[in-house]
Amino acid sequence: MALSGVLANGVKVGYSAASPVSWTAVGQVLDIEVPGLEPEEVETTVHSGSDFRRFMPGMTDVTEMALRLLADLDEGTSPAQDALFDYQAAGTTLWWRVELPVDRAQAEYTALEFQGWVKNWKPVAGDPGARQELEVSVRFDGTSFTKYNAGASAIS
C-alpha cells in the first residue's frame, strides 16, 4: 500500500477544483514531465537576397503534463489519486500547481500554475511482483501559464 510522500526528487504537484488558493497534494510522484511553452513556427522567409529560411513564433501551446505515480487505488488511503478518476470522467477543468525544488535542501520552490483537465488516468500493472503504477496526463485548458519566483511551498 502506498501512502503519502513524494518520490520524484522533491517535486510537488497539487490541484484545486475551486481556485488556486488551497491545493490537494498528489502524492507518490515517481516521475513527471513538467509542462512548458512550445510556440508554433511561422515561416517568414522572403525570397530575395538570402538563401536562409526565417521563422517567427506563432500561437503557443502548453505541453501536456505527464505524471507517473506509485498507485494507491484505495480511495480511503489516497483520495487525491482516486478523485482524479472522477474529475477525468466529468471533464472537469482544475487549477494545477507544480513546485520544483530550487536546491537540494528543498527549502524553496519555483512554481508553475495553470488550468487543465485530466486527459488520462490509467493504472499500469507490470510484471508479477512489480510495483503498480498510475499514469495521469493533464491537458492545458486556460488563458495563463504562470511561473513564480522561488519561495516557500504552497502544497502541504
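What counts, and where the lines are drawn
- Residues numbered from 1 in each chain as written.
- Predicted model: local features only at pLDDT ≥ 70, side-chain atom pairs only at ≥ 80, totals over all residues.
- Heavy atoms only, no water.
- Pairing = 2+ DSSP bridges.
- Helix = DSSP H or I, 4+ residues; strand = E, 2+ residues; numbered from the N terminus.
- Contact = heavy atoms within 4.5 Å.
- Axes fitted to C-alpha atoms, helices over the stretch in contact; angles between N-to-C directions.
- Phe/Tyr/Trp six-rings, centres within 6.5 Å; stacked < 30°, edge-to-face > 60°.
- Buried < 20%, exposed > 50% of the residue type's maximum accessible area, 1.4 Å probe, protein only.
- Polar contact = N/O pair within 3.5 Å; in protein donor to acceptor, adjacent residues only side chain to side chain.

(A) Region of the structure containing the sheet that holds strand E2 (residues 24-25). Taken together, the seven strands give an open sheet; going across it, the order is E2-E1-E7-E8-E9-E6-E3, and neighbouring strands pair in antiparallel fashion. A strand with exactly one partner marks an edge of an open sheet, and here the two such strands are E2 and strand E3 (29-33). The pairing of strand E1 (residues 12-16) with strand E7 (residues 93-101) spans five bridges and is classified as antiparallel. Bridge assignment links Gly-14 to a residue of E7, and that residue is Arg-97. Sheet strands touched by helix H1 (residues 79-90): E1, E2, strand E6 (65-70), E7, strand E8 (109-125) and strand E9 (132-147). Its angle to E8, the strand with the most contacts, is close to 80°.

(B) Examining the packing of aromatic side chains more closely. By the definition in use, this model includes four aromatic pairs. Between Tyr-15 and Tyr-87, the ring centres sit 5.8 Å apart and the planes meet at 80°, which makes this aromatic pair edge-to-face. One end of the pair, Tyr-15, is in strand E1; the other, Tyr-87, is in helix H1, with 72 residues separating them in the sequence. The exposure class of Tyr-15 is buried, given its relative accessible area of 3%. Here Tyr-15 and Trp-96 contribute two aromatic rings whose centre-to-centre distance is 5.5 Å and whose plane-to-plane angle is 50°, an arrangement assigned as tilted.

(C) Main features of the side chain of Ser-16. Position of Ser-16 relative to the elements: it lies in strand E1. By relative accessible area, Ser-16 is classed as buried at 5%. Within polar-contact distance, the side chain of Ser-16 engages the backbone nitrogen of Ala-18 at 3.5 Å. Ser-16 has contacts with Ser-22, Trp-23, Leu-94 and Trp-95, leaving out every residue within four places of it along the chain.

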